[in-house]
Amino acid sequence: AAIAARVSRVSPRRPQPQHTGAMKTIATAIFLGACSAALGDKMNPVGKVLELLGELEAKIIKEGETEAKAYKEYFDWCDDTSKNGVFSIESG
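Residues numbered from 1 in each chain as written. Predicted model: local features only at pLDDT ≥ 70, side-chain atom pairs only at ≥ 80, totals over all residues. Heavy atoms only, no water.

(A) Focus on the overall build of the protein chain. Check the secondary structure of the protein chain and you find 3 helices and 0 strands. In sequence order, the secondary structure elements of the protein chain are arranged as α-α-α. Put simply, the protein chain has 92 residues, and 3% of those count as buried. (Helix = DSSP H or I, 4+ residues; strand = E, 2+ residues; numbered from the N terminus. Buried < 20%, exposed > 50% of the residue type's maximum accessible area, 1.4 Å probe, protein only.)

(B) View of the pattern of salt bridges. Under the counting rule described, the total for this entry stands at 2 salt bridges. When the shortest N-O distance is used, the salt bridge between lysine 72 and aspartate 76 registers 3.1 Å. Linking lysine 72 with aspartate 76, this pair stays in helix H3 (residues 45–91), spanning 4 residues, or about one helical turn. Measuring nitrogen to oxygen at the nearest pair gives 3.5 Å for the salt bridge that ties lysine 83 to aspartate 79. Of the two residues, lysine 83 and aspartate 79 both sit in helix H3, 4 residues apart, roughly one turn of that helix. With relative accessibility at 33%, the residue aspartate 79 sits in the partly exposed group. (Salt bridge = Lys/Arg side-chain N within 4 Å of Asp/Glu carboxyl O.)

(C) A look at the confidence of the model for the protein chain. Taken residue by residue, the protein chain gives an average pLDDT of 75. The fraction at 70 or more is 59%. Per-element averaging of pLDDT across the protein chain places helix H1 (residues 2–9) at the bottom with 51 and H3 at the top with 88. (pLDDT = per-residue confidence, 0-100.)

(D) Representation of the side chain of asparagine 44 in the model. Summarising the element assignment, asparagine 44 is placed in the loop between helix H2 (21–39) and H3. A distance of 2.6 Å separates a polar side-chain atom of asparagine 44 from the backbone nitrogen of glycine 47. (Polar contact = N/O pair within 3.5 Å; in protein donor to acceptor, adjacent residues only side chain to side chain.)

(E) Molecular detail of a nonpolar patch on the surface. Among the surface-exposed residues, Val49, Leu53, Leu56 and Ile60 lie close enough to one another that they form a single nonpolar patch of about 360 Å² accessible area. In this structure, leucine 53 sits in helix H3. (Patch = residues over 30% accessible without salt bridge, like charges linked within 9 Å, V, L, I, M, F, W, Y side chains within 5 Å. Areas by Shrake-Rupley, 256 points an atom, 1.4 Å probe, with all protein chains shown as cover.)

Have a look at this one:
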């Protein structure tokens, strides 16, 4: 009975972290970047891909900031319209 009590108190093993696809993609990009750097300044296909990925990242970040600003303006408009509607109903 004492052994069963000790066994029941033992916590189960924690699950080991899984390697996600994003982690593998990042590791591959780092590896390819290192290979590209080792080949020198001459533009090669891997270097071009990394350059395009960097440009795409910058473009996505810029678009995200623009969308966030537009959403905030829309949210503020909705909030103001809602408050004005409640005020007009209460005062009307």
